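So you can see what is in the structure, the chains are spelled out below.
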Amino acid sequence: MTPPALEVEGVAFAYPDGHQALFGVSLRIERGERVALLGPNGAGKTTLVLQCNGVLLPGAGRVAVAGLPVAAEHLREIRRRVGIVFQDPDDQLFMPTVAEDVAFGPANLGLRGAELETRVKGALAAVGMEEHAARPPHHLSFGQRRRVAVATVLAMEPEILILDEPSSNLDPASRRELAEIVTGLDITILMVTHDLPYALQLCPRSLIMNGGVITADGPTPDLLADAELLAANRLELPFGFDPAALRR
Amino acid sequence: MVLQIGGAGAAPPNPPSGHSHALYLPGTSPLHRARPQCKLAAAFLFVLAVVATPREAFWAYGVYALTLAALARVAGLPLRTLARRLVIELPFLLFAVFLPVVGQGQRVEVLGMSLSVEGLWAAWNIVVKGTLGVAASVILAATTPVPELLRGLERLRLPSAFTTIAGFMVRYGDVIADDIRRMRIARVSRCHDPRWIWHARAVAATAGTLFIRSYERGERVYLAMVSRGYAGSMPVLEDLAATRAQWLAALALPAAAALVAATAWGIRP
């Protein structure tokens with residue numbers, strides 16, 4: 001039996017200033033699943049994401065990526081397995097050209113020469129940005145930069161792709177383009193968002209997080225149709241969005 | 001800071017592209033294709049030769065200027081563009097203008113003004129050497145993109161900490177300039193109209209906020225780097241080593257300039 005892509009068990013975490021963000025989070029994501037992590041601002045979503053690649057280490061509980069526990073001795077392998085696309089692409093893209101930025105991760109893994117080039121080309125092709133390889137990231141539009149940010153992580157051939165608020169600040173066309181890219185990827189995805197329609201469009205399953213714990217886990221249409229559950233977790237569907245239509 | 005060529009008013013409201021490459025003029029001339037480290041070394045040594053030339057040797061400066069003009073022509077850099085970019089040295093030349101007036105020693109009458117001969121020589125010395133040096137830099141900057149300049153500096157054994165920091169500065173200069181622009185617009189939209197010294201408080205607060213924001217961005221960038229396996233040193237992606245022939249071609253320029261300088265010293269009365 002293959003281990004799940006991501007396994008989190010009873011993880012609790014408090015920041016050094018004493019603020020406790022996670023109170024015993026458990027979840028399991030199987031290989032090939034696309035799961036949305038929903039929750040209001042301050043629910044602990046980003047803190048949980050940083051537990052997954054060992055930037056933060058849990059005070060209690062354990063995290064494992066494809067069977068490998070997140071611990072100091074194999075952080076490098078963990079960070080290869082977990083690809084995080086951060087919210088602001090300007091935080092992620094810092095090299096002089098798009099191609100160099102995409103090469104940064106695999107080069108850190110020791111890849112060089114033709115092998116590295118293949119990775120970069122493949123990752124840029126996956127997000128439809130091959131023709132922009134030689135351009136500086138800051139000459140791209142916001143939507144293009146987010147796609148390149150996805151490519152920088154894909155180039156590391158991760159076990160699981162974590163997208164932090166992928167639809168934020170995107171215009172409708174870029175949002176649709178990104179959705180097409182995400183659905184076209186053959187990879188496990190955890191999408192952190194409070195954009196409920198986007199979660200519905202892309203992820204068959206959702207987790208709801210609030211106050212540092214997972215409060216619901218189920219098929220996305222069912223969760224979004226439960227008005228009381230959403231209200232209890234400070235989540236709201238956009239105006240005019242009919243939850244009854246979701247069941248059909 | 002980012003050098004804005006078109007002035008603040010020329011910036012589009014939501015610039016898709018920054019200004020940090022404004023100095024680079026794309027091309028395929030031999031100058032564009034030369035290795036950045038060769039160009040950097042050649043430009044630096046050329047400037048050294050110019051500075052070492054005796055100020056009385058007018059002909060030598062003529063040779064230098066013609067050489068640079070020829071290089072600009074090879075690079076496809078219009079002389080008018082070159083001249084316009086030389087304007088950047090004007091503030092530094094202001095100092096030289098006063099030298100003939102305040103200089104000591106023997107004086108001559110020029111247009112009814114009594115000017116110091118020693119001061120005139122000093123002013124000429126500064127103006128001609130400064131202009132040639134800036135012209136060489138302008139040609140270098142017009143034919144070499146900034147990232148390549150940085151790689152060239154790295155090849156010349158500049159500590160990678162310096163080039164990495166400079167690289168981040170170039171990358172985030174536009175982002176921070178954009179932050180400044182947005183914060184200014186937000187201030188002005190709330191009827192802030194700084195005229196007097198006591199209005200400086202809001203501007204100072206903006207600067208403070210900008211610092212904190214940039215600092216926090218730095219932490220997020222680092223986090224994103226660590227998440228992609230960064231372990232303290234930037235990976236070297238391509239080998240930019242220059243061949244002996246490339247070095248020889250590039251160093252021909254400073255060698256010729258050194259010859260001119262040496263000749264000028266040799267035939268000095």
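Residues numbered from 1 in each chain as written. Chains lettered and ligands numbered in written order. Predicted model: local features only at pLDDT ≥ 70, side-chain atom pairs only at ≥ 80, totals over all residues.

**Here we look at the overall build of chain B**
Scanning chain B for helices and strands turns up ten helices and two strands. Secondary structure elements in chain B, listed N-terminal to C-terminal, are α-α-α-α-α-β-β-α-α-α-α-α. A globule of 269 residues ought to have a C-alpha radius of gyration of about 18 Å, yet chain B, at 23 Å, is considerably larger. Principal-axis analysis of the C-alpha atoms gives chain B an extent of 65 × 55 × 30 Å. The buried share of chain B, reckoned over its 269 residues, is 23%. Sequence separation of at least 24 residues holds for 73% of the intrachain contacts in chain B that already meet a minimum separation of 6. (Helix = DSSP H or I, 4+ residues; strand = E, 2+ residues; numbered from the N terminus. Rg over C-alpha atoms; globule rule 2.2 N^0.38 Å. Buried ≥ 20, exposed ≤ 12 C-beta atoms within 10 Å, placed from the backbone. Contact = placed C-beta atoms within 7 Å.)

**A short note on the sheet that holds strand β9 (residues 205-210) of chain A**
All names here are of chain A. Reading across the sheet, the six strands line up as β6-β7-β8-β3-β9-β10 and stay open at both edges, with mixed pairing between neighbours. This sheet does not close on itself; its edge strands, each paired only once, are β6 (82-85) and β10 (213-219). With direction set aside, neighbouring strand axes in the sheet form an average angle of 20°. Note that strand β7 (residues 160-164) and strand β8 (residues 188-193) share five bridges and pair parallel. Its bridge partner lying in β8, Asp164 is registered against Val192. Of the strands in this sheet, β3 (34-38), β6, β7, β8 and β9 touch helix α1 (residues 45-52), which is tilted by about 155° from β7. (Pairing = 2+ DSSP bridges. Axes fitted to C-alpha atoms, helices over the stretch in contact; angles between N-to-C directions.)

**Description of the sheet that holds strand β2 (residues 20-29) of chain A**
Residues and elements named next belong to chain A. One open sheet accounts for four strands, arranged β2-β1-β4-β5; its pairing is antiparallel. Both edges of this open sheet fall to β2 and β5 (68-69), since each of them pairs with a single strand only. Examined bridge by bridge, strand β1 (residues 6-14) and strand β4 (residues 60-65) share five bridges and lie antiparallel to one another. Paired with Glu9 across the two strands is Arg62, which belongs to β4.

**Concerning the domain arrangement of chain B**
Looking at the assigned domains, one finds that chain B contains domain 1 (17-154 + 239-266) and domain 2 (160-227). For domain 1 of chain B and domain 2 of chain B, the distance between their C-alpha centroids amounts to 34 Å. (Domains from an automatic or database assignment.)

**A short note on the nonpolar core**
Among the nonpolar cores identified, the biggest contains 76 residues, and Leu37, Val102, Ala151, Ile162, Leu190 and Met191 of chain A are the most heavily contacted of them. Among the nonpolar cores identified, the runner-up in size contains 31 residues, and Leu31, Ala60, Leu71 and Leu82 of chain B belong to it. (Core = buried A, V, L, I, M, F, W, Y, C linked by C-beta atoms within 7 Å.)

**Quick word on the interface of chain B and chain A**
Across the contact, 22 residues belong to chain B and 26 residues belong to chain A. Looking at the side of chain B that touches chain A, the elements with two or more residues in it are α8 (160-189) and α9 (200-227) of chain B. Counting residues per element, the side of chain B that touches chain A draws most heavily on α9 of chain B, which supplies seven residues. The class makeup of the residues in the side of chain B that touches chain A is twelve nonpolar, five polar and five charged. (Nonpolar A, V, L, I, M, F, W, Y, C, P; charged D, E, K, R; others polar.)

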